[in-house]
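# Structural overview for review
The lines below spell out each chain.
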Amino acid sequence: YESMSTTVDNKEIKYRAFEYIPYVANPIDIDQQYMNIYVPEEYFNNGTVNGYTTQTAPIFMPNAVGGYMPSQAMTPKVENGKPNSVVYALSRGYVVAAPATRGRTNKASDGNFIGKAPAVIVDLQAATAYLHANDSTMPGNANRIITNGTSAGGAVSLLQGAAGNSSDFQPYLQALGAATAATNVYAVSAYAPITNLDAADMAYEWSYNGITSSNKVSMNHDDVAYSNLLNEHFPDYVNNLQLHDSVGRVLKLDKNGNGTFKNYVKEFIVAAANKAQAKGTDLSKHTYLVRDNKTGTIKDINWEAYNQFVSRSKAPGAFDSRSNDSGENNLFGTSTTDNNHFTITAALHDTTSNPEAYVQNAKVVTMMNPMNYLGSPAATNAHFYRIRYGTADSNTSVAIPLIVGTRAQNLGYKVDMATPFDVNHSGDYDLDELFNWMDNIVKNGR
Ligand code: DHB
């Protein structure tokens, strides 16, 4: 290790850095399958930080996955006086275990792809197993692992929370020589999760169906027809989930995409706007907000105008592109095929000269989706979830993170879910609140 220190707000934070620790015995790519571990110096001197000891300190496990690309382990950084999540975690007494992972573009020397799905979640589970296997000899409590990530990283953070100990991943873990130990985590933080990929195309068109051109997208007649098709499929999808809100109302959509589910989604955006207004934010440009004339509080949004304001950043087939060339198509390639479709709908409407390009192993698609593990008796689900998706983000439909969070809530797990007002595609923007939430769930979970 190396002894290091960082100053934040005139406070010196001392820690030991154990970097480039391989988390599997037989790595396929040693440049990707390692983690950095950082431990507050106090824990080597029987000290406490924020009430935690070397035995009780939770383990903060941030990934740096973006775009389902290969990722390097996070390191402590302070930029413009602002600590990143690693430094912040250390200042609050957390042990940090930051894994690198394989991603969709990784290749071996023979040219074969080695980071296609499910490599990223296999790597994160392998790193988790390492922490559990070595719990008695390492600082921190492996029964209090809290994952964190943004975007694709938020998606795999959720998947870590949902798919713990599932046997689906065992053959992959065994092949890597991962520690034979638990792969479940205690809690999940996910910002802007690009998740539930095989349902996300439908949700996207439910949000953006009427919007046929934007800064980023200009749709032709075929695109409009495909948007209509996906949008028409979404109500069946939602209705089959049988979700309900926090007071037990069933969340449904009629064939036009209206109903209690839509009202539920709108309520999150309304709550976020009211929160921003209460803080004194100027909301005048948000002309889609509908106010109560008497009180001035926001009581509704005009759905079409809201989605027009945010605007689409992706053409229909937002994730499984008909031209088989999205990042997600690239995620579902194989060792020898770069890109594949992963939904039947896109495969049937393929516009390339190779319409046969459909995932050879459809199981892999299910293994990337936390919806398939939440509530499954074959997995150990985390019991705590914090999910954030900004109202200005169009990287997926706002419905998607809310569906996953609502499913977890309906299962009886504690879910802290919000759509911060006018926040774009980003994460780690509210570290104070995030770590307050973590301290609280750890305390109440003891
Ligand atoms: C990310 C963003 C996307 O729009 C997407 O489709 C997948 C991943 C990201 O920022 O990680």
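Above this text you will find the structure in question.
The shown structure was predicted, so the numbers you read here are calculated from the model rather than taken from an experiment.

### Thoughts on the pairing of strand E2 (residues 11-22)
Here seven bridges tie strand E1 (residues 2-8) to E2, and the two strands are oriented antiparallel to one another. Across the sheet, Ser-3 pairs through a bridge with Arg-16, a residue of E2. Hairpin connection, E1 to E2: the antiparallel pair is bridged by two residues, and Asp-9 has positive phi, about 50°. With six bridges connecting them, E2 and strand E3 (residues 34-40) associate as antiparallel partners. Bridging across to E3, Arg-16 finds its partner in Val-39.

### Here's the deal with empty space enclosed by the protein
To find leftover empty space, a probe the size of one water molecule is rolled over the atoms. Applying the stated rule across the entire model yields one cavity of 30 Å³ or more. Of the voids in this model, the largest cavity is the one considered here, and its volume is about 30 Å³. Residue lining of the largest cavity: Ser-207, Tyr-208, Tyr-306, Asn-307, Tyr-389, Asp-393, Thr-396, Ser-397 and Val-398, and that is the complete set. Mapped by element, the contributors of at least two residues to the lining of the largest cavity are helix H5 (197-208) and helix H8 (303-310).

### Regarding the nonpolar core
If you look at the biggest cluster of nonpolar residues, it comprises 138 residues, and the most contacted ones within it are Phe-234, Phe-261, Phe-332 and Tyr-385. Tallying contributions element by element places helix H7 (residues 260-278) first for this core, with nine residues. Each residue touching Phe-234, except ones within four places of it in the same chain, is listed here: Met-202, Ala-203, Trp-206, Leu-253, Phe-261, Ala-399 and Ile-403.

### Focus: the site of the ligand
Lining the immediate surroundings of the ligand are Gly-66, Gly-67, Ser-151, Ala-152, Ile-194, Lys-314, Phe-319, Glu-328, Asn-395 and His-425. One nitrogen or oxygen atom from the main chain of Gly-67 is found 2.5 Å from an oxygen atom belonging to the ligand. Here Lys-314 contributes a side-chain N or O atom positioned 2.6 Å from an oxygen atom of the ligand. Look at the ligand: alone it shows 290 Å² of surface, and the protein chains cover 81% of it. Of the residues in the shell around the ligand, the class split is three nonpolar, five polar and two charged.

Rules behind the numbers
- Throughout this description, residue numbers start from 1 for each chain and increase along the sequence as written.
- A pLDDT threshold of at least 70 governs which residues receive local features in this predicted model, and a stricter bar of 80 or more applies before side-chain atom pairs are shown or counted, although totals over entire chains, interfaces and linings include all residues.
- Side-chain calculation: all heavy atoms of the structure are included, whereas hydrogens and water are not.
- Should DSSP find at least two bridges between two strands, the strands are taken to pair.
- Helical segments are the DSSP runs of H or I of at least four residues, strand segments are the runs of E of at least two, and each set is numbered from the N terminus.
- Here a cavity is any set of points on a 1 Å grid over the protein atoms alone where a 1.4 Å probe fits but cannot get out, and a pocket is any open set with protein on both sides within 12 Å along at least 5 of 7 lines; a residue lines the site when it has an atom within 4 Å of a point.
- Grid points are joined across faces, edges and corners, and a volume is the space filled by probe spheres set on the points.
- Only buried Ala, Val, Leu, Ile, Met, Phe, Trp, Tyr and Cys residues count toward a nonpolar core, and they belong to the same one when joined by side-chain atoms within 4.5 Å.
- Exposure categories follow from relative accessible area, calculated using a 1.4 Å probe and restricted to protein chains: below 20% of the type maximum is buried, above 50% is exposed, and the middle band is partly exposed.
- Residues count as neighbours in contact if any of their non-hydrogen atoms are within 4.5 Å of one another.
- Whether a residue is near a molecule or strand depends on its heavy atoms: if one lies within 4 Å, it is near.
- Pairing of N or O atoms within 3.5 Å defines a polar contact, subject to two protein rules: one partner must be a possible hydrogen donor and the other a possible acceptor, and residues neighboring in sequence count only if both atoms are side-chain atoms.
- Computed with a 1.4 Å probe, the accessible areas rest on the Shrake-Rupley method; for each residue, only the protein chains presented here act as cover.
- Charged residues are taken to be Asp, Glu, Lys and Arg, nonpolar residues to be Ala, Val, Leu, Ile, Met, Phe, Trp, Tyr, Cys and Pro, and polar residues to be all remaining types, Gly included.

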